[in-house]
Amino acid sequence: MFQRFPNESSSFYTKLYQIVDDPSFNRIISWGKNNNSFIVWDVEGFRRRILPMFAEFGRDFSKFESELFIHGFRRIGQYEFGHEDFVRGVPELLMKKMSVKSRTEGMEKFEAKLKPRRIIFKPKKAIAKEEVAKVEDLFQQLQI
């Protein structure tokens, strides 16, 4: 059953929710017993049937797992993943909280890249002294 999501919600979350919630994929992927996680039952089937349809999941299962961790999911079992805001029957959490979290985290990462980095310059004489000391140390190790 496909839920409708507003355009501002993250494509990754909405596509994942729709796939997990779709009973036609239950042999491959379905909700966990507590309805706040999902289980990939058939990794090969997931790779063959689902990954080719959704570029945001990556090209292979390990990339998909990486995307899950980037989007705040945690591993519960070998192929079971959960997120506090990824809950069966409550897509409102997905739309409000998860998309805001991902945007906020994305902005924080972007801003961190923009922060000026402090570059420490050493005078050439200091660098030369360090290099001479390294060479002398190596030379002493070679002497028998």
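Computed from a predicted structure; not experimentally measured.

### Some remarks on the pattern of salt bridges
Part 1 of the reasoning: Counted according to the given criterion, the structure contains 3 salt bridges.
Part 2 of the reasoning: A salt bridge links arginine 47 to glutamate 44; the shortest N-O distance between them is 2.3 Å. One end of the pair, arginine 47, and the other, glutamate 44, are both in helix H2 (residues 43-50), 3 residues apart, so they sit about a helical turn from each other.
Part 3 of the reasoning: By relative accessible area, which is 38% here, glutamate 44 ends up partly exposed.
Part 4 of the reasoning: In this structure, arginine 75 and glutamate 65 form a salt bridge, with 2.8 Å as the shortest nitrogen-oxygen distance. Here arginine 75 is found in strand E3 (residues 74-77), whereas its partner glutamate 65 is found in helix H3 (residues 61-70), with 10 residues between them in sequence.
Part 5 of the reasoning: Of the residues examined, arginine 75 reaches a relative accessible area of 41% and is grouped as partly exposed.

### Some remarks on the sheet that holds strand E2 (residues 37-40)
Part 1 of the reasoning: With antiparallel pairing, 4 strands are arranged side by side in an open sheet as E1-E2-E4-E3. The sheet is open, and its two edges are formed by strand E1 (29-31) and E3, each paired on a single side. Between one strand axis and the next, the sheet turns through 30° on average, direction left out of account.
Part 2 of the reasoning: As paired strands, E3 and strand E4 (residues 80-82) are joined by 3 bridges and run antiparallel to one another. Each bridged residue has a counterpart across the sheet, and for glycine 77 the counterpart in E4 is glutamate 80.
Part 3 of the reasoning: Against the sheet, helix H1 (residues 11-21) engages E1 and E2, with an angle of about 90° to E1.

Scoring rules and cut-offs
Residues numbered from 1 in each chain as written. Predicted model: local features only at pLDDT ≥ 70, side-chain atom pairs only at ≥ 80, totals over all residues. Heavy atoms only, no water. Salt bridge = Lys/Arg side-chain N within 4 Å of Asp/Glu carboxyl O. Helix = DSSP H or I, 4+ residues; strand = E, 2+ residues; numbered from the N terminus. Buried < 20%, exposed > 50% of the residue type's maximum accessible area, 1.4 Å probe, protein only. Pairing = 2+ DSSP bridges. Axes fitted to C-alpha atoms, helices over the stretch in contact; angles between N-to-C directions. Contact = heavy atoms within 4.5 Å.

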